[in-house]
Amino acid sequence: MKAYTINRYSKTEPLKLSEIAKPVVKPNEVLIEIHSASINQLDAKIKSGEFKMMLKYKMPLILGHDVAGVVTQVGSNVKRFKVGDEVYSRPVDYHIGGFAEFISVDERYVALKPSNISMDEAASLPLVALTVWQAFVEKAHLKKGQKVFIQAGSGGVGTIAIQLAKHLGATVATTTSKGNFDLVKNLGADVAIDYKTQDFENELKDYDLVLNSQDTKTLEKSLRILKRGGKAVSISGPPEPDFAKEMGLSWFLKLVFGLISKKVRKQAERLGVSYSFLFMKANGDQLTKITKLVESGAVKPVLDKVYSFNEMNDAMDYVNSGRAKGKVVVRIK
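Keep in mind it's a predicted model, so treat the numbers as computed, not measured. (Residues numbered from 1 in each chain as written. Predicted model: local features only at pLDDT ≥ 70, side-chain atom pairs only at ≥ 80, totals over all residues. Heavy atoms only, no water.)

Caption draft 1: Highlighting the overall build of the protein. When you go through the protein residue by residue, the secondary structure sums to eleven helices and 16 strands. For the protein, the spread of C-alpha atoms along the principal axes amounts to about 55 × 45 × 40 Å. Counting every position in the protein, which comprises 333 residues, the buried fraction comes to 56%. Element-wise, carbon and sulfur atoms account for 50% of the exposed surface of the protein, whose accessible area totals about 15,100 Å². (Helix = DSSP H or I, 4+ residues; strand = E, 2+ residues; numbered from the N terminus. Buried < 20%, exposed > 50% of the residue type's maximum accessible area, 1.4 Å probe, protein only. Areas by Shrake-Rupley, 256 points an atom, 1.4 Å probe, with all protein chains shown as cover.)

Caption draft 2: Quick look at the nonpolar core. The biggest cluster of nonpolar side chains holds 114 residues, and the ones touching the most others in it are F99, F136 and V148. Per-element tally for this core: the top contributor is helix α3 (residues 126–139), with eight residues. Excluding anything up to four places from it in sequence, F136 contacts H141, L142, V148, I150, A161, L164, A165, L168, L209 and L211. (Core = buried A, V, L, I, M, F, W, Y, C linked by side-chain atoms within 4.5 Å. Contact = heavy atoms within 4.5 Å.)

Caption draft 3: Just the UniProt feature "domain: Enoyl reductase (ER)" (unreviewed entry) in the protein, in detail. Listed under "domain: Enoyl reductase (ER)" (unreviewed entry) in the UniProt record, and renumbered for this structure, are residues 11–330. Regarding residues 11–330, the helix share stands at 34% and the strand share at 25%, and the terminal C-alpha atoms are separated by 20 Å. (UniProt positions renumbered as here; feature names shortened; annotations may be inferred.)

Caption draft 4: The arrangement of the pairing of strand β6 (residues 86–89) in detail. For strand β5 (residues 66–74) and β6, the ladder comprises four bridges, and the chain directions are antiparallel. Counterpart to V70 in the pairing with β6 is E86. (Pairing = 2+ DSSP bridges.)

Caption draft 5: Examining the side chain of T176 more closely. Looking at the element boundaries, T176 is found in strand β10 (residues 171–176). T176 gets classed as buried once you look at its relative accessible area, which sits at 3%. Of note is the side chain of T176, whose polar atom sits 3.4 Å from the side chain of N180. (Polar contact = N/O pair within 3.5 Å; in protein donor to acceptor, adjacent residues only side chain to side chain.)

Caption draft 6: Geometry of the packing of α3 against helix α4 (residues 156–167). Contact geometry of α3 with α4 gives a least axis separation of 9 Å together with a crossing angle of 50 degrees. Considering the angle they form, α3 stands oblique to α4. As for how α3 packs across α4, the hand of that crossing is right-handed. Residue-level contacts link V128, A129, V132, W133 and F136 of α3 to G156, V157, I160, A161, L164 and A165 of α4. Residues of the contact of α3 with α4, tallied by class, amount to ten nonpolar, one polar and no charged. (Axes fitted to C-alpha atoms, helices over the stretch in contact; angles between N-to-C directions. Parallel < 35°, antiparallel > 145°, perpendicular 65-115°, else oblique. Left-handed = near helix turned anticlockwise from the far one by under 90°. Nonpolar A, V, L, I, M, F, W, Y, C, P; charged D, E, K, R; others polar.)

Caption draft 7: The arrangement of the packing of helix α7 (residues 216–223) against helix α9 (residues 251–271) in detail. It is the contact of α7 with α9, at a shortest axis distance of 10 Å, that shows an interaxial angle of 10 degrees. As judged from the angle between their axes, α7 and α9 are roughly parallel. For the pair α7 and α9, contact is made by T216, L219, E220 and L223 and by K263, V264, Q267, A268 and L271, respectively. Residue composition of the contact of α7 with α9, by class: five nonpolar, two polar and two charged.

Printed below as a string of structure tokens:
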């Protein structure tokens, strides 16, 4: 099969189109013929080596954390899926590989594709939708009537976060450029702040929750708009010692994460708010719940551009530019 691979960590070296063996299906896995895959910032960060201390991948590596396609083979122990099922998935870490024609995925991380959207749209959802679900439902327990601040509302995570927060009954504020105000308001944002001309810290106060996806300076400002008892959940760092413990990382990484998160944790403590880092986990059961939200119309995919398989490196470059509104998808079949 054809797949895009990397042989070493690099910010500038392009992905290489390679011919490799089709995956061998294990007893609990399904073989998916990939129709579409989406590109995430996580792919770029792994490619550049940013996560090499935490995620130790072997080379050559096929990137790609989101896939949608059709089941073509099932393992002997598979109970939930059959050949011909249209599915989507965020494969578990160390078993990624969406930038290819086929992928074999444990059935625990697979869900039936929402019936009312295309393969391209389905491929755009798993990582960002699971991230938002785990931030709002699992970590923050977001409730009706609460106020949430979502940074970068026109991005891949932001577009889904706005919709889920509104579905849960929250009041939503977000930052974006003025040209994207209509986009975020149509998704459900109650307050839109132009990050180029306005300082959100001067516009917002007494919020219950912040979803941080930006740098540490923005995170520190975000802590100050929270009410006492409020929560900040960050998907961009810094990781804290609790995260290292949860991931089963070494004592050295626990020490490192403790040092790099110390300032933020101390500030949160002084303000009477909580801080936690989220690195989303693959989860087919949660993805099935997201399927129901999509089929009900509560959540709609937001696509910016769809590239062909031979344009994979162009698609990566576009994601790295930071200009994407919603998600960037590569159509493989």
